[in-house]
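# Descriptive analysis of the structure
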Amino acid sequence: MDGQVAGVCCPLQGHCVAGNPQQYGIVFQPGRDILATVPAGLWVSALSEEERFAYFGNDVPKPADWDEQWGDRVNKLVFIGVQMDREEIIRTLDETLLTDTEMVAGNWRELADPLPKF
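We now turn to the structure provided with this report. (Residues numbered from 1 in each chain as written. Predicted model: local features only at pLDDT ≥ 70, side-chain atom pairs only at ≥ 80, totals over all residues. Heavy atoms only, no water.)

Moving on to the overall build of the chain. Across its full length, the chain carries 3 helices and 6 strands. Across the chain, helices and strands are ordered from the amino to the carboxyl terminus as β-β-β-β-β-α-β-α-α. Every one of the 118 residues in the chain was classed for burial, and the buried ones make up 20%. Pairs at least 24 apart in sequence give 51% of the contacts found in the chain among residues at least 6 apart. Accessible area of the chain: about 8600 Å², with a carbon and sulfur share of 52%. (Helix = DSSP H or I, 4+ residues; strand = E, 2+ residues; numbered from the N terminus. Buried < 20%, exposed > 50% of the residue type's maximum accessible area, 1.4 Å probe, protein only. Contact = heavy atoms within 4.5 Å. Areas by Shrake-Rupley, 256 points an atom, 1.4 Å probe, with all protein chains shown as cover.)

Among the structural elements, D72 can be located in the loop between α1 (49-56) and β6 (76-79). Buried and unpaired, D72 has no salt bridge, with R73 as the nearest side chain of opposite charge at 5.7 Å. Apart from residues no more than four positions distant in its own chain, D72 is found in contact with W43, V44, S45, P63 and W66. (Lys, Arg positive; Asp, Glu negative; His and termini not counted. Salt bridge = Lys/Arg side-chain N within 4 Å of Asp/Glu carboxyl O.)

With that out of the way, let us pick up the environment of G71. Here G71 is to be found in the loop between α1 and β6. Residue G71 is classed as buried on the basis of its relative accessible area, which comes to 3%. The contacts of G71, once residues within four sequence positions are left out, are S45, D65 and W66.

What follows deals with the packing of aromatic side chains. Applying the stated criterion across every chain yields a total of 1 aromatic pair. Aromatic pair Y55 and F56: ring centres 6.1 Å apart, planes at 40 degrees, arrangement tilted. (Phe/Tyr/Trp six-rings, centres within 6.5 Å; stacked < 30°, edge-to-face > 60°.)

The subject of this paragraph is the pattern of salt bridges. Scanning the model with the defined rule gives 3 salt bridges in all. The residue R52 makes a salt bridge to E49 at a minimum N-O spacing of 3.5 Å. In this pair, R52 and E49 are both assigned in helix α1, 3 residues apart and thus about one turn of the helix distant. Taking the shortest distance from any N to any O, the salt bridge between E95 and R91 comes out at 2.1 Å. Assessed through its relative accessible area of 54%, E95 is described here as exposed. Residue R91 is classed as partly exposed on the basis of its relative accessible area, which comes to 39%. Salt bridges sharing common partners tie together E88, R91 and E95.

Structure follows, in structure tokens:
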């Protein structure tokens, strides 16, 4: 995203699951005229059992909203602005999601990744 959502320039910040492979969280950091995407670190659920133990020992974090399939991978974005078109923002973001067919096909990891390699 370039900061233009639903015709309104707005600050956007947050973190999400994006790109392939989904082992890194992505942080959106608003700047003056740019929106940078940078790695936020590994998702706990992307680590092997050995890596989890190496990082955390016996105290592996498991948030309350842990998902059995996706673990700690979450999408949290915040838009701040006035007179924003909520429905247009939702529609635009929904267009970026994989379809149910793409998810079931199982080859979504092979799709082109528009994000930089971290």
